[in-house]
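Coordinate analysis (summary)
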Amino acid sequence: MSGAVLVAIAAAVGNLLQGWDNATIAGAVLYIKKEFNLESNPSVEGLIVAMSLIGATLITTCSGGVADWLGRRPMLILSSILYFVGSLVMLWSPNVYVLLLGRLLDGFGVGLVVTLVPIYISETAPPEIRGLLNTLPQFTGSGGMFLSYCMVFGMSLMPSPSWRLMLGVLFIPSLVFFFLTVFFLPESPRWLVSRGRMLEAKRVLQRLRGREDVSGEMALLVEGLGIGGETTIEEYIIGPADEVTDDHDIAVDKDQIKLYGAEEGLSWVARPVKGGSTMSVLSRHGSTMSKRQGSLIDPLVTLFGSVHEKMPDTGSMRSALFPHFGSMFSVGGNQPRNEDWDEENLVGEGDDYPSDHGDDSDDDLHSPLISRQTTSMEKDMPHTAHGTLSNFRHGSQVQGAQGEGTGSMGIGGGWQVAWKWTEREDESGQKEGGFKRIYLHQEGFTGSRRGSIVSLPGGDGTGEAEFVQASALVSQPALYSKDLLKEHSIGPAMMHPSETAKGSIWHDLHDPGVKRALVVGVGLQILQQFSGINGVLYYTPQILEQAGVGILLSNMGISSSSASLLISALTTFVMLPAIAVAMRLMDLSGRRTLLLTTIPILIASLLVLVISNLVHMNSIVHAVLSTVSVVLYFCFFVMGFGPAPNILCSEIFPTRVRGICIAICALTFWVCDIIVTYSLPVLLKSIGLAGVFGMYAIVCCISWVFVFIKVPETKGMPLEVITEFFSVGARQAEAAKNE
């Protein structure tokens, strides 16, 4: 996974520039207002500081849609250019107006980074470490603030500090970021697949995963192009084809899936279970746990929770279902493999798709777009408009490093992707069939029908045959269109990925699953901004001054302005170890758990600040309580409420609308940031410091309830599976409302 880690670190350099800019202007404005005589014109001073915020808000309104159109990488390159040009303009700025222009360009770069870096990291990171890598922007942003405060503090000790140099030095790290985006960062493989550039997407995935066989994840990326659709949750017993018999608890009269292992002659059969799993029970009857815990809890939360409760003992870091899945099905007719479906190779309708059999051809990538082999089962299947669908078959497998516990059809987090053909007779006796895609996930136990526990294929087995129980999300494949069945009698029965990705954005945004995800994302962004972080940052220098830090620094010969910068540097430095802990816990404990655990600490810290400002007490006691509360607030904020909203927002939206949906969430973030920043002085005058912190404590209480009721746990799950669950959960909620 080193490729994905290095790419995430490089992308997070953009957030380092954001933190650098935020801290630099806080120090430089002390000298700007002296040079331009702004002491009597605070509105211009405020505009200089806020211009970056205004630029970020403006660019966010269009950044998501443009990123979905042009790609993630070009927008990151553009952000580095804006940072670079903005820093040079600020370095030159002969007057306030040029300085405002430089701040505006700088704000454009900030807005692009805040919107796109979480998307980019989520789309390139493996599910098992996606939380860790998406916490990197929080770490690099705070690290950039610390480095900038140290630099500005050092400059403030000079006889005549130059604010132009303070702001202009940003061009050095922005130049580094430019070279990283141009020469190191690849395009997001998910975006490439959405544009039909399959060969390029495959090469990027191979680089990111460090292995040649990425057929399972390539298939997953194609399946992620769909939005909505009828998804059902089913339960299967999976075992060797010759061992699963007609037991009373296995519904053999229904559809079955045949899976082939990596070794010749090794095959498996998956058959439905009567009664179903925890997930399937939730799908049919609503959330039993929600009803037991209270009707307000979103069934979606319980649905996600059931996945993590049923994880195998090996945890989400391994794919425990089968160590090896071959490429499992084929399609007859003239059908290219999906890596050959490149946008540049499209020809007219009715013509054969060209096929590339050069060095870039991958015989292991048979899914979901298939080889030309016809099997005996095809004869009994109905002919489709663009070819004939056949049963699953064993594809050749690359023997080599495939990642821990991940076969060619593994998609991360213990999930596997597969397909099935179902066939039944209608009332008139006519046969009708359907092509289905399934995401399989082991239910947490493994054993034999005779009661013995044996190892999976590839391990040291006993004489007993083994089976596993697996939950399955079953839906229509993204590339399979029933509408095509009536159009032609021959040809491939699949749509091109770039055609699948086309559609009305507004129609996609009104999908119930997308709307439900937007409620979670926008709600988290609003509550995060009103939870008090800006107020505590504003109050920190005053608190530390009361604690005697200012007196200590003045005795050392440090001026008041330099002392405030050093205090801010120390405050930022305290955050870094806490963020490092959050990086470790984000994939172990999970996003939801961290939020539910850390928000009560924020509430307690704010209440202590309220009490210390209302109750008359000794100055030393007051300083100690205030300092401890502020430090605890900062540490636990950056562990949970700081990074978690952006991480969740980057995970819960479908590929086709991920850019525009995250832009909506980011726009909410910036608007709320502006409201909180400019309302704080007014609130301080009207209700006082204790009233402000009391209001923030109430918002944190509301935040905890919102997370408990509405925010699901997404750790270790592939992005496409997460969005599928949102679709299922939205329909559950609608069904419950109708009942």
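Residues numbered from 1 in each chain as written. Predicted model: local features only at pLDDT ≥ 70, side-chain atom pairs only at ≥ 80, totals over all residues. Heavy atoms only, no water.

Named according to an unreviewed UniProt entry, the protein chain is Major facilitator superfamily (MFS) profile domain-containing protein originating from Arabidopsis lyrata subsp. lyrata. The UniProt entry for the protein chain carries this comment under Subcellular location (unreviewed entry): "Vacuole membrane". Quoted verbatim from the Sequence similarities (unreviewed entry) heading of the UniProt record, the comment on the protein chain is "Belongs to the major facilitator superfamily. Sugar transporter (TC 2.A.1.1) family." (UniProt positions renumbered as here; feature names shortened; annotations may be inferred.)

**Topic: the overall build of the protein chain**
In terms of regular secondary structure, the protein chain is built from 24 helices and 9 strands. For the protein chain, with 739 residues in total, the buried portion stands at 58%. Residue pairs in contact within the protein chain that sit at least 24 positions apart in sequence constitute 80% of those at least 6 positions apart. When the accessible surface of the protein chain is split by element, carbon and sulfur atoms take 61% of a total near 28,900 Å². (Helix = DSSP H or I, 4+ residues; strand = E, 2+ residues; numbered from the N terminus. Buried < 20%, exposed > 50% of the residue type's maximum accessible area, 1.4 Å probe, protein only. Contact = heavy atoms within 4.5 Å. Areas by Shrake-Rupley, 256 points an atom, 1.4 Å probe, with all protein chains shown as cover.)

**Re a nonpolar patch on the surface**
Residues Ile 620, Val 624, Val 628 and Leu 632 make up a contiguous nonpolar surface patch of about 350 Å² in total accessible area. Relative to the helices and strands, Ile 620 is located in helix H21 (residues 619-641). For Ile 620, a relative accessible area of 60% corresponds to the exposed category. (Patch = residues over 30% accessible without salt bridge, like charges linked within 9 Å, V, L, I, M, F, W, Y side chains within 5 Å. Salt bridge = Lys/Arg side-chain N within 4 Å of Asp/Glu carboxyl O.)

**Things to note about the environment of Glu 128**
Along the chain, the position of Glu 128 falls in the loop between helix H4 (96-124) and helix H5 (130-156). Once the C-alpha coordinates of Glu 128 and Gly 412 are considered, the two residues, 284 residues apart in sequence, prove to be 6.9 Å apart.

**Focus on unusual backbone geometry**
Not every positive phi belongs to a glycine, and Asn 37 is a case in point at roughly 55°. With respect to the helices, strands and loops of the structure, Asn 37 is situated in the loop between helix H1 (2-35) and helix H2 (42-70).

**A closer look at the packing of helix H9 (residues 198-209) against helix H10 (residues 215-223)**
Relative to each other, H9 and H10 sit at 125°, their axes nearing to 10 Å. In terms of axis orientation, H9 runs oblique to H10. Seen along the crossing, H9 lies across H10 with a hand that is right-handed. Facing H9, whose interface residues are Met 198, Ala 201, Lys 202, Leu 205 and Arg 209, H10 presents Glu 217, Met 218, Leu 221 and Val 222. Considering only residue class, the contact of H9 with H10 consists of 6 nonpolar, no polar and 3 charged. (Axes fitted to C-alpha atoms, helices over the stretch in contact; angles between N-to-C directions. Parallel < 35°, antiparallel > 145°, perpendicular 65-115°, else oblique. Left-handed = near helix turned anticlockwise from the far one by under 90°. Nonpolar A, V, L, I, M, F, W, Y, C, P; charged D, E, K, R; others polar.)

**Overview of the packing of helix H16 (residues 512-529) against helix H24 (residues 719-738)**
When two helices pack together, their arrangement is captured by the angle between the axes and the distance separating the axes. Following both chains from N to C, one finds H16 and H24 inclined at 95°, their axes separated by 8 Å at the closest point. In terms of orientation, H16 lies roughly perpendicular with respect to H24. Seen from H16, the contacting residues are Pro 512, Gly 513, Arg 516, Ala 517 and Val 520; seen from H24, they are Phe 726, Ser 727, Gly 729, Ala 730, Ala 733 and Glu 734. When its residues are assigned to classes, the contact of H16 with H24 shows 6 nonpolar, 3 polar and 2 charged.

**Regarding H5**
Here H5 is 27 residues long and its end C-alpha atoms lie 40 Å apart, about the 39 Å a rise of 1.5 Å per residue gives. The element H5 is largely enclosed, with a buried count of 19 among its 27 residues. (Expected span 1.5 Å × (residues − 1).)

**A closer look at the packing of aromatic side chains**
Using the criterion set out here, one finds 14 aromatic pairs in the structure. Considering the side-chain rings of Phe 179 and Phe 183, the 5.8 Å spacing of their centres and the 15° angle between planes classify their relative orientation as stacked. One end of the pair, Phe 179, and the other, Phe 183, are both in helix H7 (residues 171-183), 4 residues apart, so they sit about a helical turn from each other. Residue class for Phe 179 comes out partly exposed when judged on its relative accessible area of 43%. (Phe/Tyr/Trp six-rings, centres within 6.5 Å; stacked < 30°, edge-to-face > 60°.)

**Some points on the side chain of Thr 60**
Take Thr 60: it is sitting in helix H2. The exposure class assigned to Thr 60 is buried, which follows from its relative accessible area of 1%. Within the structure, the side chain of Thr 60 is placed 2.5 Å from the backbone oxygen of Ala 56, a separation counted as a polar contact. Sequence-distant contacts of Thr 60, that is, excluding residues within four places in its chain, are made with Gly 111, Thr 115, Ala 663, Ala 666, Leu 667 and Trp 670. (Polar contact = N/O pair within 3.5 Å; in protein donor to acceptor, adjacent residues only side chain to side chain.)

**Quick word on H16**
Every α-helix carries 3.6 residues per turn, so stepping three or four residues along brings you back to the same face. Here H16 spans 26 Å end to end across 18 residues, near enough to the 26 Å set by a 1.5 Å rise per residue. Within H16, burial applies to Gly 513, Val 514, Ala 517, Leu 518, Val 520, Gly 521, Gly 523, Leu 524, Gln 525, Leu 527, Gln 528 and Gln 529. Where H16 begins, the side chain of Asp 511 points an oxygen toward the backbone nitrogen of Gly 513, at a separation of 3.0 Å.

**What about the side chain of Thr 668?**
Position of Thr 668 relative to the elements: it lies in helix H23 (residues 658-710). For Thr 668, a relative accessible area of 15% puts it in the buried group. A distance of 2.9 Å separates a polar side-chain atom of Thr 668 from the backbone oxygen of Ile 664. Discounting residues that sit within four places of it in the chain, Thr 668 has contacts with Val 522, Gln 525 and Ile 526.

**Side note on the nonpolar core**
If you look at the biggest cluster of nonpolar residues, it comprises 156 residues, and the most contacted ones within it are Ile 32, Ile 48, Trp 415, Leu 606, Phe 653, Phe 693 and Phe 725. Shared between two domains, this core takes at least three residues from each, and those domains are domain 1 (1-227) and domain 2 (506-738). Ignoring sequence-local partners within four residues, the contact set of Ile 48 consists of Ile 25, Ile 32, Leu 38, Val 96, Leu 99, Leu 100 and Arg 103. Counting residues in hydrophobic clusters, the runner-up holds 10 residues, among them Ala 270, Ala 418, Leu 440 and Ala 472. (Core = buried A, V, L, I, M, F, W, Y, C linked by side-chain atoms within 4.5 Å. Domains from an automatic or database assignment.)

**Regarding the pattern of salt bridges**
Here the structure, examined in full by the defined rule, presents 16 salt bridges. When the shortest N-O distance is used, the salt bridge between Arg 658 and Glu 123 registers 2.7 Å. Taken as a pair, Arg 658 in helix H23 and Glu 123 in helix H4 lie far apart in primary sequence, 535 residues in all. Like Arg 658, the residue Glu 123 is buried in the burial classification. With a shortest N-O distance of 2.7 Å, Glu 651 and Arg 130 are connected by a salt bridge. With a gap of 521 residues between them, Glu 651 in the loop between helix H22 (644-649) and H23 and Arg 130 in helix H5 connect regions that are remote in the sequence. You can call Glu 651 buried: its relative accessible area is 0%. Owing to a relative accessible area of 1%, Arg 130 belongs among the buried residues under this scheme. In this structure, a network of salt bridges that share partners links the residues Asp 68, Arg 72, Glu 123 and Arg 658.

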